[in-house]
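# What the coordinates show
Letter by letter, the chains look like this.
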Amino acid sequence: MADPHELTIEELRERIRVAGITIAENRLAMVRKLLTDALAPVRALDSRTIRTVEPAVKFVPEAEGGRRE
Amino acid sequence: MSDEIAYATIRELGTRYRKREISPVEVTRALLERIEKLDPILHAFVTLTADRALEDARAAEVALRRGDENPLLGIPIAHKDIYLTRGIRTTGGSALFAEWIPDEDSTVVRRWQEAGTVLLGKLITHEFAFGIQFPGHKFPAARNPWNLDHIPGGSSSGSGAALAAGLVTGATGSDTGGSIRGPAAFCGLAGIKPTYGRASRAGVMTLSWTLDHTGPLARTVEDCAYLLQAMAGHDPADPASSRVPVGDYLAPLRRGVGGLRIGVPRNYFFEGVDTEIQRAFEEALETLRKLGAEVRDVRIPSMQRAHSFLLILVAEAFAYHERDLRERPELYGEIARERLLSGALVTASEYTQAQRIRAEICAETTEVMREVDVLATPTTPKPATPFTTAHDPELGFPRSNMAPFNLTGLPTLALPCGFSASGLPLSLQLSGRPFEEGTVLRVGHAYEKATAWHTRRPPV
């Protein structure tokens, strides 16, 4: 049975088309494996339960001019 | 030249210089001869700067006669070829920059120069510090002095090979997912990725803004401390650079590990680890216990998701390289190009989710580090792989024990902790709290003093 988290070759081709790039036919398997592995933790995630990435900017009041970090 | 000089530590060289037993010019000439003899086999250097090295060495001799006490005076070093060097070719390991000569130094290059180091040259790197160097590339791949058929690790491959072969005393590396610690592990060296923001990245070619770190490799932990001391500190030219004051990295080395708490995250870091690495790691823990450290198991559940770091890496790397990838793709190595292009296929939502996972990993790690001073893990699950295995493009990017600390930005040291039955180095990884490089180096130094792994020499 296919892994539900796996990036299918059709999905990969569609992403390549949307991105407007060219990937050699003989390297599609390599790119597919790279992305499938990297995406696995994200695809297994319930995005409603994970931490936010705020704050995008943080001010340090004691620094000169309210420097941003 | 004797191996004694080729493998001398920074402290040993400094002592002998000041006793006038040997001079920086003599050491430099000897190393240049050694490079001439061994580098055609090792391919560690991409550019040799012999004239510059002798000029630096003569300047160091003058400073020594003046009584200058800088510990890096006359110390022979080389830079990974993604560090910009004024007037010296900086290739980034790429055909795109094969003949590029920058008109300024990176901050770290300048700081080491001001400390009185002797620049022997530029060290080969994997193309733009990314992935593996495949056959047919513009520059030949560096080879591992412990076994020429095996990779030296990367992307700071030349740094690892040159140090292990006794061609330099210190080298720079950069670390986005383990590129300092991997070569250190595979070549039997010490290498530290400092806290994110501790060492400047200004004038160093970018791979991934939020994951890139600069740092030193050397043959001992103490040498790393000397080199990091001269490298660390605020730099307005690097937007990520921290204003946290730099501590003394040498003084804590004398304190030992008595009373320190070492946590071993038993999940994630031990999956797929070779038996002999597992054994060497457990023996290292036992050594640290005997030295007075308290060792306890900890858990960081979110580490199971750490491989999502690769999404961040390829997405940011594509953003950096996009224009050249679209306009001059033929100048990239084929495999590196296709892997960089994969970053164009990551959606905005996926990149954001990967950053949310990162935030979770950072929060859980911070929590664990309230209870322990240092985390210990095997640096890599296996010793250096043969080129024949590493050059299989379908291999992909295996799970990494090092990348989690690029996500968290914590200071992390790799150092030798044994050898495989086939004679390849094995490595221990130690991570500390933010800006507590001194503690990490202290534990590493105590372990190193109690063992002899770092004194073994490769058969080159």
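The shown structure was predicted, so the numbers you read here are calculated from the model rather than taken from an experiment.

## Comments concerning the overall build of chain A
What chain A contains, in helices and strands, is 2 helices and 0 strands. Counting over 69 residues, chain A shows a buried share of 17%.

## Overview of the interface of chain A and chain B
If you look at the interface, chain A gives 25 residues, while chain B gives 24 residues. Within the residue set of the side of chain A that touches chain B, elements represented by two or more residues are helix 1 (9–19) and helix 2 (28–43) of chain A. Per element, the largest residue contribution to the side of chain A that touches chain B is 12 residues, and it comes from helix 2 of chain A. Looking at the side of chain A that touches chain B residue by residue, the classes come out as 18 nonpolar, 2 polar and 5 charged.

## Brief notes about the packing of helix 10 (residues 309–327) of chain B against helix 12 (residues 348–368) of chain B
Residues and elements named next belong to chain B. Here helix 10 crosses helix 12 at 130°, and the two axes come no closer than 8 Å. Taken together, the axes of helix 10 and helix 12 are oblique relative to one another. Between helix 10 and helix 12 lies a crossing whose hand is left-handed. Across the interface between the two elements, Leu-311, Ile-312 and Ala-315 from helix 10 touch Glu-350, Tyr-351, Ala-354, Gln-355 and Arg-358 from helix 12.

## A closer look at the sheet that holds strand 10 (residues 412–419) of chain B
Each strand in a sheet pairs with its neighbour through backbone hydrogen bonds, running either in the same direction (parallel) or in the opposite one (antiparallel). All names here are of chain B. Taken together, the 11 strands give an open sheet; going across it, the order is 1-3-2-4-6-5-10-11-9-7-8, and neighbouring strands pair in mixed fashion. Two strands bound the open sheet, and with one partner strand each, they are strand 1 (45–48) and strand 8 (294–298). Neighbouring strand axes in the sheet, compared pairwise and without regard to direction, differ in orientation by 30° on average. Strand direction decides the pairing type here: strand 2 (residues 76–80) and strand 3 (residues 118–123), joined by 5 bridges, are parallel. Counted as the bridge partner of Ile-77 is Leu-119 from strand 3.

## Brief notes about the nonpolar core
Grouped together as the largest cluster of nonpolar side chains are 139 residues, with contacts concentrated most on B:Ala44, B:Ala162 and B:Leu311. Residues contacting B:Ala44, with those up to four places away along its chain left out, are B:Asp39, B:Leu123, B:Ile124, B:Ala142, B:Gly158, B:Ala161, B:Ala162, B:Ala165 and B:Leu167.

## With respect to the pairing of strand 9 (residues 374–378) of chain B
Residues and elements named next belong to chain B. In terms of residue burial, strand 9 counts as a mostly covered element, since 5 of its 5 residues are buried. Of the two faces of strand 9, the one carrying Val-374, Ala-376 and Pro-378 and the one carrying Leu-375 and Thr-377 are both buried. As judged from the 5 bridges shared by strand 9 and strand 11 (residues 425–432), these two strands associate in the antiparallel manner. The residue of strand 11 that forms the bridge with Ala-376 is Leu-430.

## Here's the deal with unusual backbone geometry
Residues and elements named next belong to chain B. The residue after Gly-154, namely Ser-155, is reached through a cis peptide bond having omega 15°. Here Ser-155 shows up in the loop between strand 3 and helix 6 (157–164). The phi angle at Phe-128 is positive, at roughly 50°, despite the residue not being glycine. With respect to the helices, strands and loops of the structure, Phe-128 is situated in the loop between strand 3 and helix 6. Accessibility expressed as a C-beta count within 10 Å gives 25 for Phe-128, which makes it buried. You will see that Ala-129, though not glycine, has its phi angle at about 60°, which is positive. Looking at the secondary structure, you find Ala-129 in the loop between strand 3 and helix 6.

## Considerations on helix 6 of chain B
Most of helix 6 of chain B is tucked away, with 8 of its 8 residues classed as buried. Just downstream of helix 6 of chain B, B:Gly166 is the residue with a positive phi angle, here 70°.

## Describing helix 12 of chain B
If you check helix 12 of chain B, its first and last C-alpha atoms are 31 Å apart, about what 21 residues at 1.5 Å a residue would give, namely 30 Å. Of all the positions in helix 12 of chain B, only B:Gln353, B:Ala354, B:Ile357, B:Arg358, B:Glu360, B:Ile361 and B:Thr365 are classed as buried. Taken around the axis of helix 12 of chain B, the buried residues stretch over an arc of 160°, which confines them to a single face. Facing away from the buried side of helix 12 of chain B by over 90 degrees, the exposed positions are B:Ala348, B:Ser349, B:Ala363 and B:Glu367. Those residues of helix 12 of chain B that are buried lie in contact with helix 2 of chain A together with helix 10 and helix 14 (404–408) of chain B.

## Details of the environment of B:Thr85
Residues and elements named next belong to chain B. Inspection of the secondary structure assignment puts Thr-85 in the loop between strand 2 and helix 5 (107–114). Overall, the presence of 24 C-beta atoms within 10 Å leaves Thr-85 in the buried class. Along the primary structure Thr-85 and Asp-103 are separated by 18 residues, whereas in three dimensions their C-alpha atoms are 7.5 Å apart. If we skip the residues at most four places from it in the chain, Thr-85 touches His-79, Thr-90, Pro-102, Asp-105, Val-109 and Lys-122.

## Some remarks on the environment of B:Leu211
All names here are of chain B. Considering the arrangement of structural elements, one finds Leu-211 in the loop between strand 5 (190–193) and strand 6 (213–218). For the pair Leu-211 and Arg-198, spaced 13 residues apart in sequence, the C-alpha separation works out to 13 Å. Setting aside residues up to four positions removed in sequence, Leu-211 forms contacts with Thr-176, Gly-177, Ile-312, Leu-313 and Asn-406.

Scoring rules and cut-offs
Residue positions are given per chain, counted from 1 along the sequence in the order it is written. Chains and ligands are labelled by the order in which they are written, letters from A for the one and numbers from 1 for the other. Side-chain atom pairs in this predicted model are given and counted only at pLDDT of 80 or more, local residue features only at pLDDT of at least 70, and totals for whole chains, interfaces and linings cover all residues. Helical segments are the DSSP runs of H or I of at least four residues, strand segments are the runs of E of at least two, and each set is numbered from the N terminus. Exposure classification rests on a simple neighbour count of other C-beta atoms within 10 Å of a residue's own: a residue reaching 20 or more is buried, one at 12 or fewer is exposed, and one in between is partly exposed. C-beta atoms are placed from the backbone. Whether two residues are in contact depends on their C-beta atoms, placed from the backbone: they are in contact if these lie within 7 Å. Basically, the charged four are Asp, Glu, Lys and Arg, the nonpolar ten are Ala, Val, Leu, Ile, Met, Phe, Trp, Tyr, Cys and Pro, and anything else, Gly included, counts as polar. In this analysis an axis means a line fitted to C-alpha atoms, helices contributing only their contacting stretch, and an angle means the value between N-to-C directions, from 0 to 180 degrees. Relative orientations are named as follows: roughly parallel for angles under 35 degrees, roughly antiparallel for angles over 145 degrees, roughly perpendicular for angles from 65 to 115 degrees, and oblique for any other angle. The hand of a helix crossing depends on one turn: near helix anticlockwise from the far one by less than a right angle means left-handed, and clockwise means right-handed. Between any two strands, pairing holds if DSSP finds at least two bridges. Among buried residues, those of type Ala, Val, Leu, Ile, Met, Phe, Trp, Tyr and Cys that are joined through C-beta atoms within 7 Å form a set called a nonpolar core. One fewer than the residue count of a helix, multiplied by 1.5 Å, yields its expected span. Directions pointing from the helix axis toward each C-beta atom define the arc.

It is worth stressing that arrangement in space is one thing and function is another; only the former is reported here.
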